[in-house]
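# Tertiary structure, described
Residue-level listing of the chains:
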Amino acid sequence: MANERPFVKQVTLPGIFQANGPTPIDNRFVLDKKVDLYTDPFNTFGGTGDYTFIYDGLEVYVRDEKAVYIYVGPYDIDTTKTPPTQNGVLTTEAKKEANWVKIADNKGLKGITDYVDDAIDDNIGAIDFSEFYKSSRQATLEDSNYTAETADLYKFGHGDEEDDLQLTFTPLSPLALTMPEAVGDLEKGTTSASLNGKPLSEILDSILFKTIYPTVTNPSLKITGSPTATQEPNTTIWSGYNYTFDKGTVVVDDGVTASIDYVGGIDGTPTYQVKYTLGATNATDFPIWNAGDKPTAVTDGAPTAVTRYEVGQYQYRVSIDYLAGPTMKTSKGATTNPMKTTNAGSVINPHPAGSLTSSYGCTINVTLPVFIDSGSGYVKQALKTWGAWTFTGIQMSGTTAAAPIKIKTPRSLKSANSYNEVSSKYDVAQLSNFTKTQITEEINGVEYIYFEYVWTGGAAGAVAYEIITN
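These numbers come from a predicted model, not from an experiment.

Right, let's get into the pattern of salt bridges. In the structure shown here, the tally under the stated rule is 13 salt bridges. Its salt-bridge partner being Lys 247, residue Asp 261 comes within 3.8 Å of it at the nearest N-O pair. Placement of Asp 261 in strand β16 (residues 260-261) and of Lys 247 in the loop between β14 (242-246) and β15 (249-251) is noted, with a sequence separation of 14 residues between them. Given a relative accessible area of 34%, Asp 261 falls into the partly exposed group. For Lys 247, a relative accessible area of 31% corresponds to the partly exposed category. The residue Lys 408 makes a salt bridge to Glu 441 at a minimum N-O spacing of 3.0 Å. Pair noted here: Lys 408 is in strand β27 (residues 406-409) and Glu 441 is in strand β30 (residues 434-443), with a separation of 33 residues, a long-range link.

A negative phi holds for most residues other than glycine; trans holds for most peptide bonds. Here the residue pair Asn 337 and Pro 338 is connected by a cis peptide bond, since its omega of 5 degrees sits within 30 degrees of zero. Structurally, Pro 338 is set in the loop between β19 (312-322) and β20 (339-340). With omega at 0 degrees, the peptide bond leading from Asn 349 into Pro 350 counts as cis. Looking at the element boundaries, Pro 350 is found in the loop between β21 (346-347) and β22 (354-357). Phi is positive for Lys 66, which is not a glycine, with a value near 50 degrees. Structurally, the position occupied by Lys 66 is in the loop between β2 (59-62) and β3 (67-71). Non-glycine residue Ser 424 carries a positive phi angle of around 60 degrees.

Pairing within the open sheet is antiparallel, and its four strands lie in the order β26-β32-β28-β29. Taken across any chain shown, the strands that pair with only one partner, and hence form the sheet edges, are β26 (390-396) and β29 (425-429). Across the sheet, the axes of successive neighbouring strands diverge by a mean angle of 40 degrees, strand direction being ignored. When β26 meets strand β32 (residues 463-469), the two strands line up antiparallel, connected through six bridges. Across the sheet, Gln 395 pairs through a bridge with Ala 464, a residue of β32.

Moving on: the pairing of β27. Where strand β24 (residues 371-373) lies against β27, three bridges are found, and the strand directions are antiparallel. Considered in β27, the bridge of Asp 373 is made with Lys 406. Across four bridges, the pairing between β27 and strand β31 (residues 446-455) is antiparallel. Note on β31: the bridge partner recorded for Thr 409 is Phe 451.

Right, let's talk about the side chain of Thr 367 for a bit. Positionally, Thr 367 belongs in the loop between β23 (361-366) and β24. Of the polar contacts made by the side chain of Thr 367, one reaches the backbone oxygen of Lys 384; its length is 2.9 Å. The residues contacting Thr 367, other than those within four sequence positions of it, are Thr 230, Gln 231, Glu 232, Pro 233, Leu 383, Lys 384, Thr 385, Trp 386 and Trp 389.

Calculation rules
- Residues numbered from 1 in each chain as written.
- Predicted model: local features only at pLDDT ≥ 70, side-chain atom pairs only at ≥ 80, totals over all residues.
- Heavy atoms only, no water.
- Salt bridge = Lys/Arg side-chain N within 4 Å of Asp/Glu carboxyl O.
- Helix = DSSP H or I, 4+ residues; strand = E, 2+ residues; numbered from the N terminus.
- Buried < 20%, exposed > 50% of the residue type's maximum accessible area, 1.4 Å probe, protein only.
- Pairing = 2+ DSSP bridges.
- Axes fitted to C-alpha atoms, helices over the stretch in contact; angles between N-to-C directions.
- Polar contact = N/O pair within 3.5 Å; in protein donor to acceptor, adjacent residues only side chain to side chain.
- Contact = heavy atoms within 4.5 Å.

In structure tokens, the structure reads:
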């Protein structure tokens with residue numbers, strides 16, 4: 001029987017076991033704090049105590065961070081020993097922390113390939129993950145309308161920044177091709193090239209929603225008041241004039257856009273003017289004024305300058321200055337200047353400040369009365385606006401030489417005809433039966449030149465007359 005001998009063989013272990021060390025490997029896989037990975041006071045990794053050797057790839061769990069760290073080196077060569085050794089630590093204490101990389105936390109482990117060292121290679125440099133896109137979203141608006149700049153916009157996030165990407169139209173048709181007909185806001189003749197690069201929503205909106213432009217009404221100004229339309233001279237001066245001012249309107253007939261004023265409010269105080277036109281020129285047929293009494297016509301005078309009413313016509317008007325109007329918008333909110341309108345071409349937007357003067361109004365006709373004596377004294381006839389007058393159907397009583405028919409008028413007579421029962425017309429001429437004398441007549445304290453006509457045709461029965469003046 002063969003002699004039994006114990007098996008003896010020399011085994012060479014890897015360097016990490018360091019056979020002559022107090023322990024073959026640092027096997028503490030759980031530490032309380034991260035600093036225990038690289039500080040001396042605990043005589044741990046990189047220290048000088050019992051645990052003096054670590055290896056590339058060593059994983060350790062740190063309790064206070066609930067995370068796993070892996071040792072990644074580098075290996076610093078210790079040339080003071082023969083042969084040189086690798087102790088697996090950085091040269092300075094301040095940099096020891098960089099030897100460890102977190103590879104997992106309490107959310108679950110990750111593979112080592114999910115992490116890249118900050119210094120993969122000196123030639124490649126550090127990889128900046130902040131430049132990688134990590135999110136994307138459409139930039140939507142909730143409380144305002146989109147514009148050509150904000151429509152079809154997408155945001156791509158990287159780090160703390162976002163880059164913009166806008167979806168635009170790229171025509172398939174030749175760029176020189178034109179639209180044969182208008183579609184919405186796209187007019188006939190629009191080229192394919194002009195649409196190239198426009199946001200998609202801008203083109204669709206132009207097709208679906210045709211722009212509605214404003215319809216404008218110009219501002220207006222009117223003199224107001226109710227004077228006595230026809231009155232005798234030298235009466236009380238009227239001062240009840242006023243005005244109405246309409247700022248005009250801007251209407252966008254889309255059922256959404258609110259109407260606005262076309263111009264602004266009144267700037268300053270309104271100014272009133274009066275115009276006086278003489279009622280006579282001292283002609284032979286109606287020389288109503290004595291020499292030196294004839295008034296002077298007035299154009300755009302101050303109403304306060306009128307001290308008494310004279311025969312003729314007085315008219316009033318008013319002028320104002322107004323402020324600029326508000327800014328006009330189309331149905332799509334555009335505020336172009338000039339602004340296209342549906343009824344007034346293109347207008348300045350907003351309407352600038354300006355002025356208005358009303359038409360003449362509040363007309364007062366100052367006239368002189370006619371007096372007729374049909375046998376019982378002169379009677380003032382109803383006033384008529386100064387001009388050629390016709391008095392029809394004036395009933396004359398029977399006349400005698402002692403009580404003839406008499407007429408006082410500031411305008412000479414053109415005819416005086418009695419009624420013809422046969423023809424049923426005023427066609428019996430009687431003017432030659434009247435004598436004419438120039439007299440003066442006092443009207444409200446002022447004397448005027450009149451003509452008095454007295455019947456000389458003898459006795460006449462009661463009959464109706466038609467009297468016409470020059």
